[in-house]
Amino acid sequence: MQALVAAGDAPGGVRVDDVDEVQPRDDEAHVEVRAVSLNRGEVRKLPDLAAGTVPGWDVAGTVAEAAADGSGPAAGTRVVGLVESGAWAERVAVPTVQLAALPDEVSFAAAATLPVAGLTAYRALALGGWLVGRRVLVTGASGGVGRIAVQLARVGGAEVTALAGSSRRLTGLDALGAEVLVEELEPDGETFDLVLESVGGATLAAALERVAAGGLVVSFGNSAGEATTFSARTLYGRATAARLYGFLVFEELARTRSGARDLRVLAELVAVGRLDPQVALEVGWGDAERAIQALQDRQVAGKAVLHLDGR
């Protein structure tokens, strides 16, 4: 079969090449891939991968062969799933614990955005508990995770503040449910019950100053690439201590075993029009270089998707 593989000498760091067919375990379905989405984390790691490695986390397609143990969707089912590597290929083995059937109303492109970005937003918000009437801050809100998080927080009844680095990148976030838009987070000001933080550096330090007593800061990224310095008293010196939680989506799903269930919830929200996956760029996988470069240059306001049937 063919796949996009890591190739340091190729434009964008990938090329289409022949690779061995995957051999699913008993608890994995064999999925014919139709679309994948790009995540900044996997794109950033491309130079570190051995030549010939098949990258990729997000999968949308059709079950070619159901899992041998009887778990998961049947053959022929349209699905969305998450793998730790190997998604950028014609076929992939997907653990059924992280594979969900798609409603007919959800396109493969929309579905492909949901595994990493959607599950990160969904699980990070879930850590904060009941959202109705609570103040939620989403930093890095113009990215794929941020745009989904703003919408989910609003659906949950929160008062949402969105932070992005420029007025251009803030465009449209109010329409997604953000009531307050900011380009920079000052250390002083209104406190937040829950902060979804992906910028790091000074922004994380300011978020720790702005978290409410008993509140939670979920840190899942460091797009600034900077260290953070803060006073420990900020966290323990409140009437009720605030918390800082380090979040990695694969570890979180290993703990909760909720990937398939959560993906069904997200897909159903898309199907009924309550969640817009914010697909901003769609190309065939033969044009992956353009999508990778656009993502690296922060020119994608949302998600970039590769179609395997549009080569």
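Residues numbered from 1 in each chain as written. Predicted model: local features only at pLDDT ≥ 70, side-chain atom pairs only at ≥ 80, totals over all residues. Heavy atoms only, no water.

A short note on the overall build of the protein chain
Here is the rule we go by: Here a helix means four or more residues in a row that DSSP labels H or I, a strand means two or more in a row labelled E, and each is numbered from the N terminus. Only C-alpha atoms enter the radius of gyration, while the globule expectation follows 2.2 Å times N to the 0.38, with N the number of residues. In this scheme, a residue with accessible area under 20% of its type's maximum is buried, one over 50% is exposed, and one in between is partly exposed, where area comes from a 1.4 Å probe on protein chains only. Note on contacts: a residue pair qualifies if any of its non-hydrogen atoms lie within 4.5 Å across the two residues. Method for areas: the Shrake-Rupley scheme with a 1.4 Å probe, in which residue coverage is limited to the protein chains shown. In this tally, Asp and Glu contribute negative charge and Lys and Arg positive charge; neither His nor the terminal groups of the chain are included. Working definition for charges: the position is that of NZ of Lys, CZ of Arg, CG of Asp or CD of Glu.
When helices and strands are counted, the protein chain shows 10 helices and 15 strands. Here the C-alpha atoms of the protein chain give a radius of gyration of 19 Å, agreeing with the 19 Å that 2.2 N^0.38 yields for 311 residues. Taking the principal axes of the C-alpha coordinates as reference, the protein chain spans close to 55 × 40 × 35 Å. Counting the 311 residues in the protein chain, one finds 53% classified as buried. The contacts of the protein chain with a sequence gap of at least 6 include a subset with a gap of at least 24, amounting to 66%. For the protein chain, the exposed area adds up to about 13,200 Å²; of that, 47% sits on carbon and sulfur atoms. Side chains of the protein chain carry 28 positive and 40 negative charges; the gap between the two charge centres is 5 Å.

Some remarks on the pattern of salt bridges
Put simply, the test is: Here a salt bridge means any side-chain nitrogen of Lys or Arg lying within 4 Å of a carboxyl oxygen belonging to Asp or Glu.
Following the criterion strictly, the structure yields 12 salt bridges and no others. Between Glu 21 and Arg 91 there is a salt bridge, with its nearest N and O atoms 2.6 Å apart. Here Glu 21 is found in the loop between strand 2 (14–18) and strand 3 (28–38), whereas its partner Arg 91 is found in strand 6 (residues 91–95), with 70 residues between them in sequence. When its relative accessible area of 18% is taken as the criterion, Arg 91 is described as buried. As a salt-bridge pair, Asp 193 and Arg 135 come within 3.8 Å of each other at their nearest N and O atoms. Of the two residues, Asp 193 sits in strand 11 (residues 192–197) while Arg 135 sits in strand 8 (residues 135–138), which places them 58 residues apart along the sequence. What makes Arg 135 partly exposed here is its relative accessible area of 25%. Through salt bridges that share partners, Glu 21, Glu 32 and Arg 91 make up one connected network.

Topic: unusual backbone geometry
Although it is not a glycine, Gln 278 sits at a positive phi angle of roughly 60°. Position of Gln 278 among the secondary structure elements: in the loop between helix 9 (259–271) and strand 14 (279–284). Overall, the relative accessible area of 15% leaves Gln 278 in the buried class. A positive phi angle, near 55°, is found at Arg 298, a position not held by glycine. If you trace the backbone, Arg 298 turns up in the loop between helix 10 (288–296) and strand 15 (303–307).

Topic: the pairing of strand 11
To keep things clear, this is the line we draw: By this definition, two strands are paired if DSSP reports at least two bridges between them. For the handedness criterion, the strands are oriented away from the viewer, and a crossover whose path from the first strand over the helix to the second runs clockwise is classed as right-handed.
Here strand 11 lies mainly inside the structure; six of its six residues are buried. Note: strand 8 against strand 11, three bridges, orientation parallel. What sits directly across from Leu 137, in strand 11, is Val 195. Bridge analysis of strand 11 against strand 12 (residues 211–219) gives five bridges, and the strand direction is parallel. Pairing of Phe 192 across the sheet is with Val 211, part of strand 12. In this fold, strand 11 hands off to helix 6 (residues 201–210), which returns the chain to strand 12; that crossover is right-handed.

A closer look at the sheet that holds strand 13 (residues 243–246)
We count it as follows: As a rule, the C-alpha atoms of each element are fitted with a line to give its axis, helices using only the stretch in contact, and angles between N-to-C directions run from 0 to 180 degrees.
An order of 10-9-8-11-12-13 is seen for the six strands of this open sheet, with the pairing classed as parallel. Each having just a single partner strand, strand 10 (180–182) and strand 13 make up the two edges of the open sheet. Across the sheet, the mean angle from the axis of one strand to that of its neighbour is 15°, orientation sign disregarded. In this structure, strand 8 lies alongside strand 9 (residues 159–163), joined through four bridges in parallel fashion. Across the sheet, Arg 135 pairs through a bridge with Glu 159, a residue of strand 9. Along the sheet face, helix 3 (residues 114–127) touches strand 8, strand 11, strand 12 and strand 13 and points at about 150° away from the line of strand 11.

Read these as spatial facts, not as claims about activity.
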